[in-house]
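Given next are the chains, with one letter for each unit.
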Amino acid sequence: MSKLSFLKQSYRIEEEKKHSDCGIIDPKNSLPAFTTCDKSLRWNATINNPKERTFQFVPIDNNIIIYKSDGKSKESTCDGMLLVEQNQILAFIELKDTRSKGFAEALSQLENTIRLFLQNHDPSSFKTKRAYIANIAHPQFPYNRKDEIEHFRTKYKFTLRPETKITF
């Protein structure tokens, strides 16, 4: 079985950007998430890039289709990943817009995507590795997630951040 490359050029459907303030939108309706600097649109997450570093958003859900071992059903994946200044930062992002079940479902999607990524890539070339749960309907989580965040870091070597503002 050939390896799946999340970093393949054909999956990079967006151009690299250097904007200081952009957003990520999940349009639902089976289209991939995308970035925009149009502030008239409702962003699911904000990209705060004060140093105007080069970044590229790569949609995963509805762009990189991964099938389970049965060959029929699709893997549950997060909405996308950010690549910042080549290999400086790798960030996986799950976007939610719901008051209920947001965290647990998003965490599951991130874990599955990162597990698939780790099966196919060595992440050691990335200086910083993060995973974001950005829930616009519930930007502040109601209780402390310290134990889950630490478990995630120990298991995957990615820093889990439940927040809607992605700063680099």
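K.L.:
Hey, could you run me through the pattern of salt bridges in this one?
P.N.:
A side chain of one charge can pair with a side chain of the opposite charge when the charged atoms of the two come close. All chains considered together, the criterion is met by nine salt bridges. Between Asp26 and Lys28 there is a salt bridge, with the nearest N and O atoms lying 3.1 Å from each other. Residue classification places Asp26 among the buried residues on the basis of a relative accessible area of 13%. As a salt-bridge pair, Lys96 and Glu94 come within 3.3 Å of each other at their nearest N and O atoms. An identical accessibility class is assigned to Lys96 and Glu94; each is buried.

K.L.:
Just checking my understanding: could you explain the environment of Lys39 for this structure?
P.N.:
Assignment of secondary structure puts Lys39 in the loop between strand E2 (34-36) and strand E3 (45-48). Overall, the relative accessible area of 59% leaves Lys39 in the exposed class.

K.L.:
Where do I start with the packing of aromatic side chains in this structure?
P.N.:
The description of two aromatic rings rests on the distance between their centres and on the angle between their planes. For the structure on display, the rule yields five aromatic pairs. With centroids separated by 5.5 Å and ring planes inclined at 70°, the aromatic side chains of Phe55 and Phe168 adopt a geometry described as edge-to-face. Placement of Phe55 in strand E4 (residues 55-59) and of Phe168 in the segment after strand E9 (165-167) is noted, with a sequence separation of 113 residues between them. Looking at Phe55, the relative accessible area reads 1%, which means it is buried. Classification of Phe168 by relative accessible area gives buried; the value is 9%. Ring centres of Phe92 and Phe117 lie 5.2 Å apart, and the angle between their planes is 70°; on these two criteria the pair is classed as edge-to-face. Remark: Phe117 occurs in helix H1 (residues 102-120) and Phe92 occurs in strand E6 (residues 89-96); sequence separation between them is 25 residues.

Reading the values: the criteria
Residues numbered from 1 in each chain as written. Predicted model: local features only at pLDDT ≥ 70, side-chain atom pairs only at ≥ 80, totals over all residues. Heavy atoms only, no water. Salt bridge = Lys/Arg side-chain N within 4 Å of Asp/Glu carboxyl O. Buried < 20%, exposed > 50% of the residue type's maximum accessible area, 1.4 Å probe, protein only. Helix = DSSP H or I, 4+ residues; strand = E, 2+ residues; numbered from the N terminus. Phe/Tyr/Trp six-rings, centres within 6.5 Å; stacked < 30°, edge-to-face > 60°.

So far we have only geometry, and geometry alone does not tell us how the molecule works.
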